[in-house]
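# Descriptive structure summary
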Amino acid sequence: MFFLLTSFVVVAIPYVIERFGLRVRFGLFALLFWLFVFQFVLIFSIDALLQNFATSMPDLLESMLTTLGGFAFVTIGITPIITLVLAAAYLLFALGQWLFDRDEKDMPTPQRHFTVAIDGPAASGKGTLARRIAEAYGFHHLDTGLTYRAVAKVLMDQNMPLDDEFLAEKAARSVDLTKLDRAVLSAHAVGEAASKVAVMPAVRRALVAMQHSFAERPPGAVLDGRDIGTVVCPDAPVKLYITASPEARARRRYDEIRSNGGGANYEEILEDLTRRDARDMGRTDSPLKPAADAHLLDTTEMDIETAFLSAKTLIDQALAKNTH
Ligand SMILES: Nc1ncnc2c1ncn2[C@@H]1O[C@H](COP(=O)(O)OP(=O)(O)OP(=O)(O)O)[C@@H](O)[C@H]1O
Ligand SMILES: Nc1ccn([C@H]2C[C@H](O)[C@@H](COP(=O)(O)O)O2)c(=O)n1
């Protein structure tokens with residue numbers, strides 16, 4: 001029993017090395033190895049047998065058998081050598097494969113990215129929420145409204161008309177995402193002009209291309225605007241559509257301007273927001289609307305932190321799905 005068990009373990013050793021050490025499935029090396037051992041033992045046994053047999057024979061027969069034994073040893077003896085060469089070649093091949101696989105595993109996998117798309121009307125709180133999410137998750141943030149404002153600012157600075165699509169497209173192509181100055185671009189007049197240039201398809205095409213590549217930055221990006229979930233990032237795993245009543249939004253904008261030391265008229269702001277909503281929702285190209293799979297978040301009665309916690313639940317769920 002002990003002999004049987006030991007023999008089994010010895011026989012299994014080359015297979016174990018091959019299967020679990022080099023992670024090769026076939027067991028070819030083990031087969032060649034044992035074939036070699038078998039051939040080797042067989043040849044020596046035949047040779048020894050013939051030599052033994054020959055000594056008990058008359059001289060002539062003995063020399064014939066010895067010659068035959070030697071001849072058999074040389075010719076049949078080649079087969080274990082061939083087997084050995086084959087086994088060695090196969091072992092080298094398997095070793096190479098193992099090293100190659102290991103190198104491939106060590107290679108950095110393409111970096112993953114995660115996109116949060118946020119849309120909504122002016123002053124709904126999407127920018128505030130986007131910044132909060134980006135900060136919490138270490139994601140990049142792009143306020144796409146600033147890109148349209150940047151186009152409008154270029155045209156305004158050069159006294160160019162706001163309805164010339166050719167000039168506006170040229171301005172759009174010159175936008176540098178790293179140089180969007182919120183302080184300069186947040187002026188009321190720039191926002192009004194931005195809403196006008198944003199209706200031009202050529203401008204949108206140029207800006208959407210930039211926004212789309214921004215969305216692919218690892219480890220993740222949060223983009224807020226009007227068409228992020230519908231056009232810029234239709235495959236985003238999390239899409240939020242933020243709303244609030246026009247009155248609540250006008251109140252927030254009013255408070256914002258006042259707290260920055262500016263003068264403001266609530267009625268005028270409300271009127272302005274309503275006009276802006278109509279233009280953003282009514283244009284033909286990429287109108288403001290929730291994507292079919294967007295989560296609606298009405299923040300009229302919701303403070304910033306509660307809005308963030310609602311978004312966080314959705315993002316955490318999507319992130320958990322993404323890693324499985
Ligand atoms: N849930 C909220 N409750 C109260 N105030 C809020 C809330 N969310 C945002 N605000 C405030 O409302 C104002 C407008 O918010 P924000 O700039 O984020 O809106 P927006 O949708 O990005 O606007 P725009 O499209 O014009 O850039 C800010 O002063 C912000 O602090
Ligand atoms: N993805 C976007 C972002 C903005 N716009 C337009 C609509 C707005 O009237 C204007 C300025 O945006 P804000 O900075 O106020 O958010 O830009 C758009 O069409 N698409």
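The structure displayed is predicted, hence computed values, not measured ones. (Residues numbered from 1 in each chain as written. Chains lettered and ligands numbered in written order. Predicted model: local features only at pLDDT ≥ 70, side-chain atom pairs only at ≥ 80, totals over all residues. Heavy atoms only, no water.)

## Re the nonpolar core
Counting residues in each nonpolar core, the largest one holds 33 residues, and the members touching the most others are Tyr148, Val151, Val175, Leu180, Val203, Leu207 and Leu223. For this core, the secondary structure elements donating two or more residues are α5 (144-157), α6 (165-173), α8 (188-197), α9 (201-215), β3 (220-225) and α10 (228-232). Ignoring sequence-local partners within four residues, the contact set of Leu223 consists of Thr115, Val116, Ala117, Ile118, Leu142, Thr144, Gln211, Phe214, Ala215, Ile228 and Val232. Grouped together as the second largest cluster of nonpolar side chains are 20 residues, Ile118, Leu129, Tyr137 and Phe139 included. (Core = buried A, V, L, I, M, F, W, Y, C linked by side-chain atoms within 4.5 Å. Buried < 20%, exposed > 50% of the residue type's maximum accessible area, 1.4 Å probe, protein only. Helix = DSSP H or I, 4+ residues; strand = E, 2+ residues; numbered from the N terminus. Contact = heavy atoms within 4.5 Å.)

## Comments concerning a nonpolar patch on the surface
The grouping of Val9, Val10, Ile13 and Ile17 at the surface amounts to a nonpolar patch, some 330 Å² of accessible area in total. Residue position: Ile13 is located in helix α1 (residues 2-21). Residue class for Ile13 comes out partly exposed when judged on its relative accessible area of 44%. (Patch = residues over 30% accessible without salt bridge, like charges linked within 9 Å, V, L, I, M, F, W, Y side chains within 5 Å. Areas by Shrake-Rupley, 256 points an atom, 1.4 Å probe, with all protein chains shown as cover. Salt bridge = Lys/Arg side-chain N within 4 Å of Asp/Glu carboxyl O.)

## With respect to the site of ligand 1
In the neighbourhood of ligand 1, 16 residues make up the surrounding shell, with Lys126, Gly127, Thr128, Arg253 and Met302 lying closest. In the environment of ligand 1, an oxygen atom lies 3.1 Å from a nitrogen or oxygen atom belonging to the backbone of Ser124. Separating an oxygen atom of ligand 1 from a backbone N or O atom of Gly127 is a distance of 2.9 Å. Contact with the protein chains hides 79% of the accessible area of ligand 1, taken as 630 Å² for the molecule alone. Looking at the shell around ligand 1, the elements that each hand over two or more residues are α4 (126-137) and α11 (246-259). A breakdown of the residues in the shell around ligand 1 according to their chemical character gives 5 nonpolar, 5 polar and 6 charged. (Near = heavy atom within 4 Å. Polar contact = N/O pair within 3.5 Å; in protein donor to acceptor, adjacent residues only side chain to side chain. Nonpolar A, V, L, I, M, F, W, Y, C, P; charged D, E, K, R; others polar.)

## Section: the UniProt feature "domain: Cytidylate kinase" (unreviewed entry) in the protein chain
Sequence positions flagged by UniProt for "domain: Cytidylate kinase" (unreviewed entry) are, in local numbering, residues 116-305. With 54% helix and 13% strand, residues 116-305 has end C-alpha atoms that lie 17 Å from one another. (UniProt positions renumbered as here; feature names shortened; annotations may be inferred.)

## Considering the side chain of Asp227
Counting through the fold element by element, Asp227 comes out in the loop between β3 and α10. If we skip the residues at most four places from it in the chain, Asp227 touches Asp119, Tyr148, Arg204, Val208, Val232 and Ser286.

## Quick notes on α11
Every α-helical turn comprises 3.6 residues, leaving residues that sit three or four positions apart pointing alike. Over its 14 residues, α11 runs 20 Å from end to end, which matches the ideal 20 Å to within 8%, given 1.5 Å per residue. Of all the residues in α11, the buried ones are Ala248, Arg249, Ala250 and Tyr254. Packed against the buried residues of α11 are α12 (266-282). Positive backbone phi, approximately 90°, marks Gly261, located one or two places after α11. (Expected span 1.5 Å × (residues − 1).)

## Considerations on the packing of aromatic side chains
Per the stated rule, a full pass over the model turns up 2 aromatic pairs. Where Phe114 meets Phe139, the ring centres are 6.0 Å apart and the plane angle is 35°; that geometry is what we call tilted. One end of the pair, Phe114, is in strand β1 (residues 114-119); the other, Phe139, is in the loop between α4 and β2 (140-143), and 25 residues separate them in sequence. Look at Phe114 and you get buried, because its relative accessible area is 2%. Each ring, one from Tyr137 and one from Phe139, has its centre 5.7 Å from the other, and the planes form 25°; the classification is stacked. Here the aromatic residues Phe114, Tyr137 and Phe139 are joined through ring pairs into a cluster of three or more. (Phe/Tyr/Trp six-rings, centres within 6.5 Å; stacked < 30°, edge-to-face > 60°.)

## Quick notes on the domain arrangement of the protein chain
Under the domain assignment, the protein chain is made up of domain 1 (2-106) and domain 2 (114-144 + 205-323). Look at where the C-alpha atoms of domain 1 and domain 2 centre, and you get two points 73 Å apart. (Domains from an automatic or database assignment.)

## Description of the sheet that holds β3
Pairing is parallel across the open sheet formed by 5 strands, whose spatial order is β2-β3-β1-β4-β5. What marks the edges here is a single partner per strand, and that holds for β2 and β5 (295-298). Shown here is a sheet whose adjacent strand axes are inclined to one another by a mean of 20°, direction ignored. Seen against the sheet, α4 touches β1, β2, β3, β4 (238-243) and β5 and runs at an angle of roughly 175° to β3. Across the face of the sheet, α5 comes into contact with β2 and β3 while running at roughly 45° to β2. (Pairing = 2+ DSSP bridges. Axes fitted to C-alpha atoms, helices over the stretch in contact; angles between N-to-C directions.)

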